[in-house]
Amino acid sequence: KDLSIPFIYNHTRNNIKMASTLSFAGLSAKQCISQKVTSARQSQKVARVSTVVKAADKGGPYGLGLEMAKTAGKSMQSGKAKVPLALEEGEMPLNTYKNKTPFTGTVKSVERIVGPKATGETTHIIIDHGGKMPFWEGQSYGVIPPGTKINSKGKEVAHGVRLYSIASTRYGDSFDGQTATLCVRRATYWDEEKGAEDPEKKGICSNFLCDATPGTEIMMTGPTGQVMLLPKDPSTPVIMVATGTGIAPMRAYIRRFFVEDVPSWNFTGLAWLFMGVANSDATLYDDEFQECVKRFPGQFRIDYALSREQNNKKGGKMYIQDKVEEYKDQVFGLLDGGAHMYFCGLKGMMPGILSMLEGVCKEKGIDYEEWLEGLKKNGQWHVEVY
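How each quantity is defined
Residues numbered from 1 in each chain as written. Predicted model: local features only at pLDDT ≥ 70, side-chain atom pairs only at ≥ 80, totals over all residues. Heavy atoms only, no water. Salt bridge = Lys/Arg side-chain N within 4 Å of Asp/Glu carboxyl O. Helix = DSSP H or I, 4+ residues; strand = E, 2+ residues; numbered from the N terminus. Buried < 20%, exposed > 50% of the residue type's maximum accessible area, 1.4 Å probe, protein only. Contact = heavy atoms within 4.5 Å. Axes fitted to C-alpha atoms, helices over the stretch in contact; angles between N-to-C directions. Left-handed = near helix turned anticlockwise from the far one by under 90°. Nonpolar A, V, L, I, M, F, W, Y, C, P; charged D, E, K, R; others polar. 1 Å grid on protein atoms, 1.4 Å probe; cavity = no way out; pocket = protein on both sides within 12 Å on 5 of 7 lines; lining within 4 Å. Points joined across faces, edges and corners; volume = space filled by probe spheres on them. Pairing = 2+ DSSP bridges.

K.L.:
What should I look at first to understand the pattern of salt bridges in this one?
P.N.:
Oppositely charged side chains are able to pair whenever their charged atoms sit close together. This structure, assessed with the given rule, holds 19 salt bridges. Ionic pairing is found between Glu291 and Arg295, a salt bridge with its closest N-O pair at 2.9 Å. Taken as a pair, Glu291 and Arg295 lie in helix α5 (residues 286-295) at a separation of four residues, close to a single helical turn. Classification of Arg295 as partly exposed rests on a relative accessible area of 27%.

K.L.:
It is not clear to me how unusual backbone geometry should be interpreted in this structure. Could you clarify?
P.N.:
Going from Gly222 to Pro223, the amide bond is cis rather than trans, its omega being 0 degrees. Within the secondary structure, Pro223 sits in strand β12 (residues 217-224). Although it is not a glycine, Asn95 adopts a positive phi angle of roughly 55 degrees. Position of Asn95 relative to the elements: it lies in the loop between β2 (81-82) and β3 (103-112). A relative accessible area of 9% means that Asn95 is categorised as buried. Phi at Tyr285 is positive, roughly 65 degrees, even though this residue is not glycine. If you trace the backbone, Tyr285 turns up in the loop between β15 (271-277) and α5. Tyr285 gets classed as buried once you look at its relative accessible area, which sits at 3%.

K.L.:
Looking at this model, I keep getting lost on α5. Mind explaining?
P.N.:
Side chains three or four residues apart in an α-helix point the same way, a direct result of the helix having 3.6 residues per turn. The element α5 is largely enclosed, with a buried count of seven among its 10 residues. Those residues of α5 that sit buried are Asp286, Asp287, Glu288, Phe289, Gln290, Cys292 and Val293. In the core, the buried residues of α5 are packed alongside α2 (72-75), α4 (247-258), β15 and β16 (300-306).

K.L.:
In this structure, what is going on with helix α7 (residues 328-336)? I would like to understand it.
P.N.:
Taken together, the buried positions of α7 are Gln330, Val331, Phe332, Leu334 and Leu335. One or two steps after α7, the chain reaches Gly338, where phi turns positive at roughly 105 degrees.

K.L.:
Is there a simple way to think about the packing of helix α8 (residues 349-364) against helix α9 (residues 368-377) in this case?
P.N.:
Packed helices, taken two at a time, are described by their axes: the angle between them and the distance between them. Packing of α8 against α9 brings their axes to within 9 Å, and their N-to-C directions diverge by 115 degrees. α9 is crossed by α8, and the crossing has right-handed handedness. On α9, the residues that touch Leu354, Leu357, Glu358 and Cys361 of α8 are Tyr368, Trp371 and Leu372. Classifying every residue of the contact of α8 with α9 gives six nonpolar, no polar and one charged.

K.L.:
Sorry, what's going on with empty space enclosed by the protein here?
P.N.:
If you roll a probe as big as a water molecule over the atoms, it shows you where there is empty space left. For the structure on display, the rule yields two cavities of 30 Å³ or more. Quantified by volume, the second largest cavity comes out at close to 60 Å³. In this structure, the second largest cavity is lined by Met68, Ala69, Lys70, Thr71, Ile113, Thr283, Tyr285, Asp286 and Asp287. Residues of the lining of the second largest cavity, tallied by class, amount to four nonpolar, two polar and three charged.

K.L.:
How should I be thinking about the sheet that holds strand β8 (residues 162-165) in this particular structure?
P.N.:
Within a sheet, each strand pairs with its neighbour through backbone hydrogen bonds, oriented either parallel or antiparallel. The sheet built from six strands is open, its strands ordered β8-β5-β12-β3-β4-β9 with antiparallel pairing. The open sheet has two free edges, formed respectively by β8 and β9 (179-185), since each of these has just one partner strand. Strand-to-strand twist of the sheet, defined as the mean angle between neighbouring strand axes without regard to direction, takes the value 40 degrees. Two elements, strand β5 (residues 140-144) and β8, share four bridges in a ladder whose sense is antiparallel. Looking across to β8, one finds that Val143 is bridged to Arg162. Relative to the sheet, α4 contacts β4 (122-128), β8 and β9, its axis offset from that of β9 by approximately 145 degrees.

Next comes the structure, spelled out in structure tokens:
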């Protein structure tokens, strides 16, 4: 757990631009891909999904305006926040509410958290569960959108469950254990021939959530998932790699590390976030992350891959794997020392990342398959993509 590996902090507002959210979850039920699929998730028969969005810059606005709402001022205190520590006790909650017996939560607020030049709309949604639906960082909630559909047998049935990674800690943005936060990308489809969005092809659940207003009731299942849980040892370095709304569990981790006062889990490791989006207007929760960097400069660093504003070393677009590769020696050194690495976002992110890591292993004379299997066996490798 040697944290003395040198690195240069290179993210400032002036010398680095920031990347676009191309990820969104919760549109259909058969496209989930995860490094591990737990029996609990199988029993619920739900999935994370993605859909193809053409000309994502077009369309909207959708009622929330085009300005980026800042969240740090509302969800961070001047020091680490006191929290109800009773939520640290007991077993991990798992599948407390199921498809046939969902919990009804209530929306407290919905805010747009990307700027006018972002590719699409992403929202920050706070849901009140009254302390009746506790969870751990890295878990997910299921959401059942209202309405029905016609299934393959011609029968009218309720919509299925869509999974969303929870973007807050167990204590919520208000630090009282009464709420949870979702980060949701509105899924739309632009018809080039019509020059307009096709409402028949929009994401049912994501649009329901993004259009919600305070007081809207939401049927929820879960919490579910064990793949993305944090290490038990709070001195373990954590490397986070996210694209788009894959930032959700990472935000939960970062808030647990640096925003809340939990004496029994006092994080002393290094937290390193690699975030991939399209442009500066799509850097989700950057105001919170910059405040954490300011407060904990030796413990937290963040590097953005902005595909439309930066170039990689070969002159092409800067994607998430390119940014991680820039720090390959430090990343491999941390992993050799026991760091855990977390990935979350669209499933399309992983082939490029794995190919890059294989190439680095070849450079270093490391057997790639053996190296990766070792990380998985040691519980250092966590993947949840959709």
